[in-house]
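# Overview (structure and organization)
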Amino acid sequence: QVQLVESGGGLVQAGGSLRLSCAASGRVFGFNAMGWYRQAPGKQRELVATVSRGRSTNYADFVKGRFTISRDNAKNTVSLQMNSLKPEDTAVYYCNTEEIITRRSSWGQGTQVTVYS
């Protein structure tokens, strides 16, 4: 059973930066896609960014040019560098992975990001 733990969330002023990290533990052969999603109060969970095993990336339009996703396959980690943060970025951010072979999807517990004006 894979366990995912996010870290790096917090309170930041608009225009500032945060770096989120997600670490996987347990018996892991490897992951296909890894990604970050977010959910704001009263809204559904939405995709923020994904990165393939070959490190191809995909971003939601609302974060292009501001956020950067990256992964370390040796450490089984995925990170999200967030720059030029806006109040509308306020949400709980979740890590997601798809395991190779089993294609099992896993979610972390989430980390809170709050951006104030």
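What this report covers is the structure whose coordinates are included nearby. (Residues numbered from 1 in each chain as written. Predicted model: local features only at pLDDT ≥ 70, side-chain atom pairs only at ≥ 80, totals over all residues. Heavy atoms only, no water.)

## As for the side chain of Arg71
Within the element layout of this structure, Arg71 appears in strand β7 (residues 67-72). There is no salt bridge for the buried Arg71, and the closest opposite charge comes from Asp72, which lies 8.1 Å off by N-O distance. A polar side-chain atom of Arg71 sits 3.2 Å from the main-chain carbonyl oxygen of Val51. Side-chain polar atoms of Arg71 contact the side chain of Asn73, separated by 2.6 Å. The residues contacting Arg71, other than those within four sequence positions of it, are Phe31, Asn32, Ala33, Met34, Val51, Ser52, Arg53, Arg55, Thr77 and Val78. (Helix = DSSP H or I, 4+ residues; strand = E, 2+ residues; numbered from the N terminus. Buried < 20%, exposed > 50% of the residue type's maximum accessible area, 1.4 Å probe, protein only. Lys, Arg positive; Asp, Glu negative; His and termini not counted. Salt bridge = Lys/Arg side-chain N within 4 Å of Asp/Glu carboxyl O. Polar contact = N/O pair within 3.5 Å; in protein donor to acceptor, adjacent residues only side chain to side chain. Contact = heavy atoms within 4.5 Å.)

## Focus on the environment of Gln1
Note on placement: Gln1 falls in the segment before β1 (3-7). With a relative accessible area of 65%, Gln1 lands in the exposed category. Along the sequence, Gln1 and Arg66 sit 65 residues apart, while their C-alpha atoms lie 33 Å from each other. The contacts of Gln1, once residues within four sequence positions are left out, are Ser25, Gly26 and Arg104.

## Some words on the state of the cysteines
Here a disulfide denotes a covalent bond joining the sulfur atom of one cysteine to the sulfur atom of another. Using the criterion set out here, one finds 1 disulfide in the structure. For Cys22, the disulfide goes to Cys95, at an S-S distance of 2.2 Å. With the S-S dihedral at roughly -80°, the linkage between Cys22 and Cys95 falls on the left-handed side. Of this pair, Cys22 sits in strand β3 (residues 18-25) while Cys95 sits in strand β9 (residues 91-99), and the two are 73 residues apart along the sequence. When sorted by exposure, Cys22 lands in the same class as Cys95, which is buried. (Disulfide = S-S within 2.5 Å.)

## Focus on the pattern of salt bridges
In total, this model carries 4 salt bridges according to the counting rule given. Between Arg38 and Glu46 there is a salt bridge; the shortest N-O distance is 3.0 Å. On the basis of relative accessible area, Arg38 is assigned to the buried category, the value being 6%. Overall, Glu46 belongs to the partly exposed group, its relative accessible area being 24%. Here Asp61 and Lys64 are joined by a salt bridge, their closest N and O atoms 3.4 Å apart. In this pair, the class of Asp61 matches that of Lys64, namely exposed. Here the residues in one salt-bridge network are Arg38, Glu46, Arg66 and Asp89, joined through shared partners.

Interpretation in functional terms is not warranted from these geometric data alone.
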